[in-house]
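Listed below, chain by chain, are the residues.
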Amino acid sequence: MRRHPDALAVLVLALVPVVWFGAPAVAGHPAMPGDDILQNFPLRVLVGQQLRHGTLPTYDPYIWGGAPLLGGWNAGAFYPFTFLFAVLPGALAWTLNLFIVYWVAVLGLYALLRRIGRGVVASALAGASFGFAGAMDVHVSHFGLVAGMSWTPLIILAMRTLARAPDGAGRLRWTLALGCFGAMVVLAGEPRSIATVVVIAGLYGLWLLWREARPLVPFVVSVGVGLGIAVLVSAVQWLPGSEAVSTSQRAVNSYILYSSGSLAPRWLTLGLVPTLLGGTGSFGTAPWFTSYNLPEVMGYAGLLPLTAAVGLLGTLRRRRPLPEWLIWHVVAVVGVVLALGSFTPLGHVLVHVPMFGGQRLQSRNIAITDLALAILVAYFVDLVLDRARAGRAAPATAGNGAPPATATTNGSSVPPGVGGNGTATASATANGARPTAANGATRDLGPVSGSRVRSARWRGAVAAAVIVPVAAAVLSIIGIASPSTVAGVAGATVGEATRAAPQRPLFVVSAVLALALAGLLLQRRLSPRRLAVLVVAFVVADLALFNVTSVWDVAVGWGRAPATATATSGVSMVPLHLPQALGTAGRFVMYNPNVPSVDLMAVGEPDLNVLDHTYSAQGYSSIVDGTYAAVTGSHLATGEGTNTLDPASLVDGVFDSLDTTALLTYPTALVTSGTAAPAGTGDRRAVGPGVTTRWVFAEQLDLSSVSVRWSGGVAPSTAGLEVWLEQAGGALVAVHPAVSAAGGVLDLRFASPAPGVALVLGSTTSLELESAPVLRTAGGGSYVADGPLEAVLSGSHWRFAGDGGPLAYFANTRADPPLSLRPAPGDGATAGASVRALSGPVLVPGSARVSSARGVRVVRAVAEIPGWSATWRPSTGGRAVTLPVQRLGLVQAVDVPAGDGVLSWHYSAPGLATGAWCTLAGGALALAIVGALGVARRRRRAHARPRRERARRPVPIA
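Please read these numbers as outputs of a predicted model, since none were measured by experiment.

Calculation criteria
Residues numbered from 1 in each chain as written. Predicted model: local features only at pLDDT ≥ 70, side-chain atom pairs only at ≥ 80, totals over all residues. Heavy atoms only, no water. Pairing = 2+ DSSP bridges. Helix = DSSP H or I, 4+ residues; strand = E, 2+ residues; numbered from the N terminus. Axes fitted to C-alpha atoms, helices over the stretch in contact; angles between N-to-C directions. Contact = heavy atoms within 4.5 Å. Buried < 20%, exposed > 50% of the residue type's maximum accessible area, 1.4 Å probe, protein only. Patch = residues over 30% accessible without salt bridge, like charges linked within 9 Å, V, L, I, M, F, W, Y side chains within 5 Å. Areas by Shrake-Rupley, 256 points an atom, 1.4 Å probe, with all protein chains shown as cover. Salt bridge = Lys/Arg side-chain N within 4 Å of Asp/Glu carboxyl O. Lys, Arg positive; Asp, Glu negative; His and termini not counted. Charge placed at Lys NZ, Arg CZ, Asp CG, Glu CD. Phe/Tyr/Trp six-rings, centres within 6.5 Å; stacked < 30°, edge-to-face > 60°. Lys NZ or Arg CZ within 6 Å of the ring centre and 35° of its normal. Expected span 1.5 Å × (residues − 1).

J.: Break down the sheet that holds strand S6 (residues 660–665) for me, with residues and values.
T.: Read from one edge of the open sheet, 4 strands run S5-S6-S18-S17, paired in mixed fashion. The open sheet has two free edges, formed respectively by strand S5 (587–591) and strand S17 (798–804), since each of these has just one partner strand. For this sheet, the mean inter-axis angle between neighbouring strands, taken without regard to orientation, is 25°. Here 5 bridges tie S5 to S6, and the two strands are oriented parallel to one another. Along S6, the bridge assignment pairs Met590 with Leu664.

Spelled out as structure tokens, the structure:
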């Protein structure tokens, strides 16, 4: 390791993900926070199951009434490392995928910076800042996003190498590498990461065209061919994905969708002190206490990267060539502007950009800035360490009277001409030329003359750089004195800011770290080795603090346990088997709109239901069929769609047609806490002879009294009012409360606690009720029956079926079966016709035997989306006939001719065939390049062999 410091750096960087993700996995708690457990993990498990059974992973029958799996993007169905789920247990395959993501990201950036000529210490710190802070860290809950972004450094490395005019074989190798890296970004299955990489690579490519690429034509051709390979190889993902998007709720770009999730400018303060608005609640500190959620607004790349960006700007001087690191300042600024989204005038322009404008959550563009800042760390750390070396250099002078350069790559001084790893050379020439590494890469250490960093420029760098830690320290000190004040600066409301007090200990630590960094910048006596050690220690402490306060929940320490947790253990939860609980195998829906719930996760909310092989009419994904979303209300215009639905769709037959047999919700969706006397709420109901009304509680309440506002007619009396309480089994029990009516309020008082799950009122005379009832219990509780589902469920065909812990269950008495018959067009009867499933799951059979005398319409309780077709094979023999699959409301209908035969349904993802051929073409092109490289290698060996043989021949002695 002493002889090869690169090996030590690579080993340490590679071990961090292994320890970080491997240790919890070994303990039975794989890292699956947020969307990973709800979406990314179960979808990849499904992909693995289908691959094991020899089926292409194109269709998911378990969510949205049946939805694209490959075309839906989120599963990363053809991402090569997803194939691990086909051969390994799910938790193990998931953990290995996490390893690979962070190995690619961190080691890829390390390789890029070493190729550029950065030092070992500087490159390692940059890699750590990129992988273990900022977007790559906080978005671990969005696996597709970090998997796609992880390939960015390698793409930049390939482009830069191609710009340096490699030989013919080298150009082919790096062209192929560029194509493969680009394809991996697309196959990861996250359009946002594709847009992010396009922005970074596009800006850097323009910089290379201007500054580096000579000659231009080979560079442009190589990048173009590499891009073509990436587009072709990944076509099997993006073509079906584009087809699915074209029929989804995102088919038309909308500014509402684009602007949802833009980064408010006030949240940029989190780049200085990430705990201003709470975090994960570790050590008893405050959980995230403001709007939106932490991963979507957090862009903290570390204090050193921001310091590096500002400090390097302090070295700029007029009439000097622009340094190569300046492009990363441009990239960083572009990332911030894009993340601000609708908060800038450019938002109205960017919404019209293809692919980019159709995406929400613009705040995620801060990942562009995070990568740029991480790269700037390497340049700045090298500048700091080289300044320390210059200050301790020997008094020997070069040609211009300056001491000889001793820049190294491992943080220790070595003689000129010898690199820190024993191979690289980084000595400056006497006329101020840039030092060069052994691999030919130019190492831009900033403004150097001989070996001395010019004092004026160094003072400018320090003066600029120290602004960042000083600002962070000031903000932290204010936070110590008044946590609510700094929370308000970051955008918290007055009420939210009162919850910031537990952050004081974290502000103390942040202030100490900021002042320590300022001290490192201002000191002038430390040796290069000690300075390198202290900088490394600072970065480790900074990243550790960030991770345990803003990424992972550590529920031990100086205070109480946190109120909420950001990370979830995931697969340790045991799903409740809905068919066993409800006695049905139909689809289920949930209602708890966009509110995280451990209870619903334990039951198996979509997409967790995939693991339990239960079927849902809802889902959790980026896209859903546009008609389906509009009719069911299960996916909102701004992109959200977790456990939400249009209440009216529960009673208008929409979910009935999908064989939706169960509804799960909390009682608060029907009764809410309240103590006020009833007022006119618009919930007007009429009761009278033969007419009753019903309010469902969705839990058993021991009632002591009920109050409801009434109007019209004669004041009701005890004799005229009829009251029943529905029991858990559905039976009605008549009760006789004391009745009083005064001031337009009807009061019912029970002599003893009256238990029931619903209240039913009738009257022998006509009576108008104009408010939801107030329900008071024997235990002193008070509720109002005015929840969002109460009005639609109380008089509908949904029946309260019990509860499981905190959840209420409702059964649908009118759900259509998986297969049903309708009269054929022009025929008004189905008499004598029959249909019977033959293959496939009960809910989504793949084939059925159909018999009819005059033809019949077969209705299948599966969402009709593009890609479905049907074939009809008569029992009497003959050729199979293709029949069109039609849309009947939301479900599928096929008109079958008269006779007896087998009807089969088939799904082929739109765009898959074309995408597959393009992928094969891209693979063939890649193989051709590999073959050309092999031929070139054999020719070089063939030419080299005679020369070696001649060299070995004995020389005759005269």
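Next comes the rest of the description.
J.: Give a detailed account of the environment of Gly76, specifying residues and quantitative values.
T.: By the secondary structure assignment, Gly76 is in the loop between strand S2 (67–68) and helix H3 (90–116). The spatial distance from the C-alpha of Gly76 to the C-alpha of Arg44 is 7.3 Å, given a sequence separation of 32 residues. Those residues in contact with Gly76 that sit more than four places away from it in its chain are Arg44, Thr82, Leu187, Ala188 and Gly189.

J.: Mind laying out the sheet that holds strand S25 (residues 886–888), listing which residues take part and the relevant values?
T.: With antiparallel pairing, the 4 strands of this open sheet are ordered in space as S19-S22-S26-S25. Sheet topology places strand S19 (819–823) and S25 at the edges, where each strand pairs with a single neighbour. Within this sheet the neighbouring strands show an average axis-to-axis angle of 40°, counted without direction. Taken together, the 3 bridges between S25 and strand S26 (residues 891–896) define a ladder with antiparallel strand orientation. What sits directly across from Gln886, in S26, is Ala893.

J.: Go over the pairing of S26, please, and point to the residues and values.
T.: Across the 6 residues of S26, 5 count as buried, placing the element largely inside the fold. As defined by bridge partners, strand S22 (residues 856–863) adjoins S26 across 6 bridges and the pair is classed as antiparallel. Opposite Val858, over in S26, you have Val894 as the bridge partner. Between S25 and S26, which pair antiparallel and follow one another directly, the connecting turn spans 2 residues, one of which, Gly889, has a positive phi of 70°.

J.: Account for a nonpolar patch on the surface, naming residues and giving values.
T.: On the surface, Leu8, Val12, Val16 and Trp20 cluster together into a nonpolar patch covering about 320 Å² of accessible area. Position of Trp20 among the secondary structure elements: in helix H1 (residues 5–26). Trp20 gets classed as partly exposed once you look at its relative accessible area, which sits at 36%.

J.: Kindly report on the pattern of salt bridges, identifying the contributing residues and their values.
T.: Inspection of the entire model under this criterion finds 12 salt bridges. Notably, a salt bridge pairs Glu324 with Arg160, separated by 3.6 Å at the nearest N-O pair. Residue Glu324 is found in the loop between helix H14 (303–313) and helix H15 (326–340), and its partner Arg160 is found in helix H7 (residues 152–163); the two are separated by 164 residues along the sequence. Here Glu324 falls in the buried class, since its relative accessible area comes to 5%. As a salt-bridge pair, Glu212 and Arg164 come within 3.0 Å of each other at their nearest N and O atoms. Of the two residues, Glu212 is situated in the loop between helix H9 (191–211) and helix H10 (216–233) and Arg164 in the loop between H7 and helix H8 (168–187); the sequence distance between them amounts to 48 residues. In this structure Glu212 comes out as buried when scored by relative accessible area, which is 16%.

J.: Tell me what's going on with the pairing of strand S18 (residues 807–812), and back it up with residues and numbers.
T.: Looking along a regular strand, one sees the side chains alternate between the two faces of the sheet. A large share of S18 lies buried, amounting to 5 of its 6 residues. In this sheet, S18 lies alongside S17 in antiparallel orientation, the contact comprising 6 bridges. Bridge pairing in S18 places Asp803 opposite Ala808. The loop that links S17 with its antiparallel partner S18 comprises 2 residues; one of these, Gly805, has a positive phi angle of about 70°.

J.: I'd love a proper account of a positive patch on the surface, names of residues and values included.
T.: A contiguous patch of positive charge on the surface is contributed by Arg173, Arg937, Arg938, Arg940 and Arg941. If one sorts the elements of the positive patch by residue count, helix H30 (residues 912–952) sits on top with 4 residues. Of note, Arg938 is situated in helix H30. What makes Arg938 exposed here is its relative accessible area of 53%.

J.: Tell me about the packing of aromatic side chains, residues and numbers included.
T.: With the rule as written, the count across this model stands at 18 aromatic pairs. Here Tyr59 and Tyr907 contribute two aromatic rings whose centre-to-centre distance is 4.9 Å and whose plane-to-plane angle is 40°, an arrangement assigned as tilted. Taken together, the positions of Tyr59 in strand S1 (residues 59–60) and Tyr907 in strand S27 (residues 899–907) put the pair 848 residues apart, joining distant regions of the chain. Residue class for Tyr907 comes out buried when judged on its relative accessible area of 16%. On the numbers, 5.6 Å between centres and 65° between planes, the contact of Phe800 with Phe810 is edge-to-face. Linking Phe800 in strand S17 with Phe810 in strand S18, this pair joins segments that are 10 residues apart in sequence. One exposure class covers both Phe800 and Phe810, and it is buried. Of the aromatic side chains, those joined through ring pairs into one cluster are Phe41, Phe85, Trp94 and Phe143. For the cation-ring pair, Arg266 lies above Trp267, with the distance from its terminal atom to the ring centre recorded as 5.1 Å.

J.: Which residues make up H7, and what values go with them?
T.: Its 12 residues give H7 an end-to-end C-alpha distance of 17 Å, which sits within 8% of 16 Å, the value for a rise of 1.5 Å per residue. Among the 12 residues of H7, 12 are classified as buried, and the element is accordingly described as predominantly covered. Listed as buried for H7 are Thr152, Pro153, Leu154, Ile155, Ile156, Leu157, Ala158, Met159, Arg160, Thr161, Leu162 and Ala163. The first or second residue beyond H7 is Ala165, which carries a positive phi of 50°.

Remember that the coordinates give geometry; whether it matters functionally is a separate question.
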